Amino acid sequence: MVTDGHNHTCAYSPDAKQTPEQLIDSAISRGLPGIAITEHYEINNPDSHDEIQIFNLDDYYRSFKTWKCLCHDNFNLLLGIEFGYQSNSEDSIRSAAAMIPFDVVILSNHFFRGRDPYYSDSCYRLSASERNNEYISVMAQMCENLDCFDVAGHYDYINRYNPDSSGRVLYDDCPKAFDRLFEALIYKNKSLEINTRSIMKLRARGETNVMPDRKVLSRYLDMGGSMISLGSDSHTDDTLGIEFEDTCEYLKSLGFRQTVYFRQHQPVFEQL
Ligand SMILES: [Zn+2]
Ligand SMILES: [Zn+2]
């Protein structure tokens, strides 16, 4: 098993159901070498339905130190955060990222034209290429404009709540936007996240083709991208590390040799 780099707890993420203690217990019992706690931090959240906002980071850091005491020496508990990106939040993200000594910063885009697809299905009235091109282009902009991050989170979030069949985001939907995103990540030595919660959701819908589009990952690899991170995006303690085994096998079959997690923003590689 490899480190699970993306997890939420109810201590700071209002949409999570697991306590930090449950998360840590579950990780240890599943034999994971380590996890990052990456609570949601959504600056200027434009969706009034969404209760995810910001919180006191000093308080978070103090809490993290108490959670660390629950772990044995061989278990790697990492302090992370998941910043939700808005084009008007760049300066605030920069300041927040520098406030406490994070191991890992994930940058994510949870919105499409100001609405979270979890609450609004309006984006699904557009064609896949129009929707995905716009969403991935915002992710590219996010990775071009900001340096204070380590991982670009769940590029396929936009299709997670798609009521139509295939919820996968395909390279051919928006090749130019993907290339722009990959170029920024590779140039800056940042990592692309494979979010296994997306895989889990597809599997739960009875789909058989659940792994990320082969063409997305092959293109990333061909362009020189080797930094890839796994995150279960767990909000409950039964989904930690979910789909990791199949995903690791899949990545190996595509030619990836290792995954990466971050400690004090430094990449640490784990063999697949
Ligand atoms: Zn969440
Ligand atoms: Zn997210």
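Residues numbered from 1 in each chain as written. Chains lettered and ligands numbered in written order. Predicted model: local features only at pLDDT ≥ 70, side-chain atom pairs only at ≥ 80, totals over all residues.

Draft legend 1. Main features of the sheet that holds strand β2 (residues 76-84). Pairing is parallel in the open sheet, where six strands are placed in the order β1-β2-β3-β4-β5-β6. Only two strands of the sheet have a single partner each, and these edge strands are β1 (34-42) and β6 (228-231). As paired strands, strand β4 (residues 151-152) and strand β5 (residues 191-195) are joined by two bridges and run parallel to one another. Residue pairing for β5: Val-151 is matched across the bridge by Ser-191. (Pairing = 2+ DSSP bridges. Helix = DSSP H or I, 4+ residues; strand = E, 2+ residues; numbered from the N terminus.)

Draft legend 2. Structural view of the packing of helix α4 (residues 128-145) against helix α5 (residues 175-188). For the pair α4 and α5, interaxial distance at closest approach is 8 Å and the crossing angle is 20°. One way to sum up the angle between α4 and α5 is to call them roughly parallel. For the crossing formed where α4 meets α5, the hand is left-handed. Here Asn-133, Ile-136, Ser-137, Met-139, Ala-140, Cys-143 and Glu-144 of α4 lie close against α5, whose contacting residues are Ala-177, Phe-178, Arg-180, Leu-181, Ala-184 and Leu-185. (Axes fitted to C-alpha atoms, helices over the stretch in contact; angles between N-to-C directions. Parallel < 35°, antiparallel > 145°, perpendicular 65-115°, else oblique. Left-handed = near helix turned anticlockwise from the far one by under 90°. Contact = placed C-beta atoms within 7 Å.)

Draft legend 3. Seen up close, unusual backbone geometry. The phi angle at Gln-264 is positive, at roughly 50°, despite the residue not being glycine. As for its position among the elements, Gln-264 is in the loop between β7 (258-263) and β8 (266-271). Positive phi is not limited to glycine here, since His-265 has a value of about 65°. Summarising the element assignment, His-265 is placed in the loop between β7 and β8. Take His-265: there are 14 C-beta atoms within 10 Å of it, and that puts it in the partly exposed class. (Buried ≥ 20, exposed ≤ 12 C-beta atoms within 10 Å, placed from the backbone.)

Draft legend 4. Quick look at the pairing of β7. In this structure, β7 lies alongside β8, joined through six bridges in antiparallel fashion. Of the residues in β8, the one forming a bridge with Phe-262 is Pro-267. Taken together, β7 and the strand that follows it, β8, pair antiparallel across an intervening segment of two residues, in which Gln-264 is found at a positive phi of about 50°.

Draft legend 5. Fine view of the nonpolar core. Core analysis: the largest hydrophobic core is formed by 61 residues, its most contacted members being Val-104, Val-105, Leu-107, Ile-136, Met-139, Cys-143 and Leu-181. Non-local contacts of Leu-107, meaning those with residues more than four positions away in its chain, are made with Phe-83, Tyr-85, Met-142, Cys-143, Leu-146, Phe-149, Ala-152 and Gly-153. (Core = buried A, V, L, I, M, F, W, Y, C linked by C-beta atoms within 7 Å.)

Draft legend 6. Quick look at the environment of Leu-181. In this structure, Leu-181 sits in helix α5. Look at Leu-181 and you get buried, because 26 C-beta atoms sit within 10 Å. Taking the C-alpha atoms as reference, Leu-181 lies 16 Å from Arg-131; in sequence the two are 50 residues apart. Residues in contact with Leu-181, not counting those within four places in the same chain, are Ile-136, Met-139, Ala-140 and Cys-143.

Draft legend 7. Local environment of the environment of Leu-78. Checked against the element boundaries, Leu-78 lands in strand β2. You can call Leu-78 buried: it has 23 C-beta atoms within 10 Å. Separated by 25 residues in the primary sequence, Leu-78 and Asp-103 place their C-alpha atoms 5.9 Å from one another. Excluding anything up to four places from it in sequence, Leu-78 contacts Gly-34, Ile-35, Ala-36, Asp-103, Val-104, Tyr-261 and Arg-263.

Draft legend 8. Just the pairing of strand β3 (residues 104-108), in detail. Most of β3 sits inside the fold, with five of its five residues counted as buried. Side-chain alternation along β3 places Val-104, Ile-106 and Ser-108 on one buried face and Val-105 and Leu-107 on a second face that is also buried. Bridging between β2 and β3 involves five bridges; their strand directions are parallel. Residue pairing across strands places Gly-80 opposite Val-104, the latter belonging to β3. Handedness of the crossover joining β2 and β3 through helix α3 (residues 90-97): right-handed. In terms of strand pairing, β3 meets β4 through two bridges, oriented parallel. Bridge pairing links Ile-106 to Val-151 in β4. (Right-handed = clockwise from strand over helix to strand, strands pointing away.)

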